[in-house]
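Here is what each chain is made of, one letter per residue.
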Amino acid sequence: MTHGISRRAKVVAGGLTAGVLISGVAAAAPASAATPAVSCTSSKAGLAAKLKKDITAALATRKGTVAVGLYDRTTNTTCTLRASSAYDSASVVKVTVLATLLWDAKKHNRYLTSTETSLATAMITKSDNTATSKLWKQLGLTKIKGFLAAAKMTQTKPGANGYWGLTQITVTDEQKLLKLVTAANTVLSDNSRAYIQKLMGQVVSSQRWGTPYGAPAGVSVHVKNGWLQRATLGWRVHSVGTFKGGGHDYTITVLTHGNSTMSYGITTIQGVAKVIHKDLAAS
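Report on the accompanying structure. Note that the structure is a prediction, hence the values are computed from the model and not measured.

### A short note on the overall build of the protein chain
Within the protein chain, the secondary structure is distributed over 9 helices and 8 strands. By residue count, 49% of the 283 residues in the protein chain fall in the buried class. Long-range pairs, those at least 24 residues apart, make up 65% of the contacts in the protein chain between residues at least 6 apart in sequence.

In structure tokens, the structure reads:
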């Protein structure tokens with residue numbers, strides 16, 4: 001019980017330091033509650049500083065706890081915020097489930113069955129929970145953990161007792177997964193990567209919010225979102241996306257909790273996505 005209270009207290013304190021402070025309050029907040037800074041590096045002159053400034057500004061007025069990851073292959077640009085903080089995955093884990101299914105099928109040198117194909121399609125394009133539960137159960141924790149080890153997603157902890165939506169994820173590991181999905185590697189075959197991107201590119205329009213927000217015309221968009229309300233920390237609202245075009249090849253992960261409503265979390269994510277797309281397009 002105390003653990004829950006201390007976590008909530010930390011979130012409240014974090015919210016205070018992020019907002020405008022009345023004098024004296026800052027000194028009272030424990031050092032650990034200080035809001036971490038956005039960190040960016042880039043091979044492109046001036047881009048890291050611009051992204052850091054704009055992402056920071058986008059989050060300045062937002063409540064909740066937000067983690068951000070950006071990686072652009074073209075300009076060798078990386079931005080992170082709370083990269084190792086753990087969040088309940090909600091439906092974002094469905095990309096991991098699909099990747100595990102394809103990784104395992106490749107190991108056994110087989111194609112997906114027609115049942116697996118229809119389950120995978122429903123899971124990603126419509127975020128179907130029943131389909132996800134069937135695949136999660138079919139795979140089992142041993143295979144899921146096997147994929148996570150192969151993918152070096154060491155910070156991801158699968159949800160127990162079939163609760164895949166309570167898998168613990170981090171920006172670091174989601175960005176590792178998106179890198180595997182978007183460039184040749186030994187974990188996922190080229191066909192597997194193409195299939196994951198195809199399904200993420202066919203997500204129903206009502207679920208295409210989040211990281212795609214503000215993506216320039218002509219940039220291909222692949223997305224998977226997650227949303228979940230729990231008694232503590234309010235709404236978890238997450239979005240992972242891969243984007244290619246306009247001279248860039250990039251992945252974005254934004255994880256949030258402590259949102260009062262789902263739409264509040266969406267607005268936070270979209271504020272971050274918008275400035276990232278804009279800054280990359282201008283570079």
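Right, picking up where we left off after that structure.
### Let's talk about the pattern of salt bridges
Using the criterion set out here, one finds 11 salt bridges in the structure. Notably, a salt bridge pairs Asp190 with Arg193, separated by 3.2 Å at the nearest N-O pair. Taken together, the residues span about one helical turn, with Asp190 and Arg193 both in helix H8 (residues 190–200) at a distance of 3 residues. Among the charged side chains, a salt-bridge network with shared partners connects Lys50, Lys53, Asp54, Lys278 and Asp279.

### Remarks on the sheet that holds strand S3 (residues 77–81)
Strand order in the open sheet formed by 6 strands is S1-S3-S2-S8-S7-S6, with antiparallel pairing between adjacent strands. Of all the strands in the sheet, just strand S1 (39–41) and strand S6 (220–229) have a single pairing partner and so form its edges. The sheet shows a mean angle of 5° between the axes of neighbouring strands, direction not considered. Looking at chain direction, strand S2 (residues 65–72) and S3 are connected through 5 bridges and run antiparallel.

### What to know about the pairing of S3
Residues Thr77, Cys79 and Leu81 of S3 are buried on one face, while the alternating residues Thr78 and Thr80, pointing to the opposite face, are not. The turn joining S2 and S3, which pair antiparallel and follow one another in sequence, is formed by 4 residues; a positive phi near 50° is taken by Asn76.

### Quick look at the packing of aromatic side chains
Per the stated rule, a full pass over the model turns up 3 aromatic pairs. Relative to Phe147, the ring of Trp103 has its centre 6.0 Å away and its plane inclined at 65°; by these criteria the two rings are edge-to-face. Here Trp103 is found in helix H4 (residues 94–107), whereas its partner Phe147 is found in helix H6 (residues 129–150), with 44 residues between them in sequence. The exposure class of Phe147 is buried, given its relative accessible area of 0%. The residue whose ring lies beneath Arg62 is Tyr264, and the NZ or CZ to ring-centre distance is 3.9 Å. Note that Lys179 overlies the ring of Tyr71, its terminal NZ or CZ placed 4.2 Å from the centroid.

### Comments concerning the side chain of Ser192
As for its placement among the helices and strands, Ser192 is situated in helix H8. A relative accessible area of 6% places Ser192 in the buried class. A polar side-chain atom of Ser192 sits 2.8 Å from a polar atom in the side chain of Ser189.

### With respect to the nonpolar core
Judged by nonpolar contacts, the single largest core of 45 residues is most densely connected at Leu98, Phe147, Leu188 and Ile196. Listing elements by their share of this core, those giving two or more residues are H4, helix H5 (114–125), H6, helix H7 (171–182) and H8. Of all the elements, H4 adds the most residues to this core, at 8 residues. One finds Ala48, Val68, Val254 and Val275 within the second-largest nonpolar core, a separate group that totals 28 residues.

### A few points about unusual backbone geometry
Excluding glycine, a negative phi dihedral is what most residues carry, and trans is how most peptide bonds are arranged. Notably, Arg82 is not glycine yet its phi reads approximately 50°, a positive angle. As for its placement among the helices and strands, Arg82 is situated in the loop between S3 and strand S4 (87–88). You will see that Lys152, though not glycine, has its phi angle at about 60°, which is positive. Of note, Lys152 is situated in the loop between H6 and strand S5 (168–169).

### Things to note about the environment of Ala194
With respect to the element layout, Ala194 can be found in helix H8. Measuring from C-alpha to C-alpha, the distance between Ala194 and Val181 comes to 7.8 Å, with 13 residues separating the pair along the chain.

### Some remarks on the state of the cysteines
Under the defined criterion, the tally for this structure stands at 1 disulfide. The residue that forms a disulfide with Cys40 is Cys79, at a sulfur-sulfur distance of 2.1 Å. Taking the sign of the S-S torsion, about 115° here, the bridge from Cys40 to Cys79 comes out right-handed. Taken together, the positions of Cys40 in strand S1 and Cys79 in strand S3 put the pair 39 residues apart, joining distant regions of the chain. In terms of burial, Cys40 and Cys79 fall into one category: buried.

### Things to note about H6
An ideal rise of 1.5 Å per residue puts 32 Å on 22 residues; H6 reaches only 25 Å between its terminal C-alpha atoms. Of all the bends found along H6, the most pronounced is centred on Gly140 and spans about 90°. Where H6 begins, the side chain of Asp128 points an oxygen toward the backbone nitrogen of Thr130, at a separation of 3.1 Å. Of the residues trailing H6, Lys152 is marked for its positive phi of about 60°.

The rules we used
Residues numbered from 1 in each chain as written. Predicted model: local features only at pLDDT ≥ 70, side-chain atom pairs only at ≥ 80, totals over all residues. Heavy atoms only, no water. Helix = DSSP H or I, 4+ residues; strand = E, 2+ residues; numbered from the N terminus. Buried < 20%, exposed > 50% of the residue type's maximum accessible area, 1.4 Å probe, protein only. Contact = heavy atoms within 4.5 Å. Salt bridge = Lys/Arg side-chain N within 4 Å of Asp/Glu carboxyl O. Pairing = 2+ DSSP bridges. Axes fitted to C-alpha atoms, helices over the stretch in contact; angles between N-to-C directions. Phe/Tyr/Trp six-rings, centres within 6.5 Å; stacked < 30°, edge-to-face > 60°. Lys NZ or Arg CZ within 6 Å of the ring centre and 35° of its normal. Polar contact = N/O pair within 3.5 Å; in protein donor to acceptor, adjacent residues only side chain to side chain. Core = buried A, V, L, I, M, F, W, Y, C linked by side-chain atoms within 4.5 Å. Disulfide = S-S within 2.5 Å. Expected span 1.5 Å × (residues − 1). Bend = angle between axes of the 7 residues up to and from the residue.

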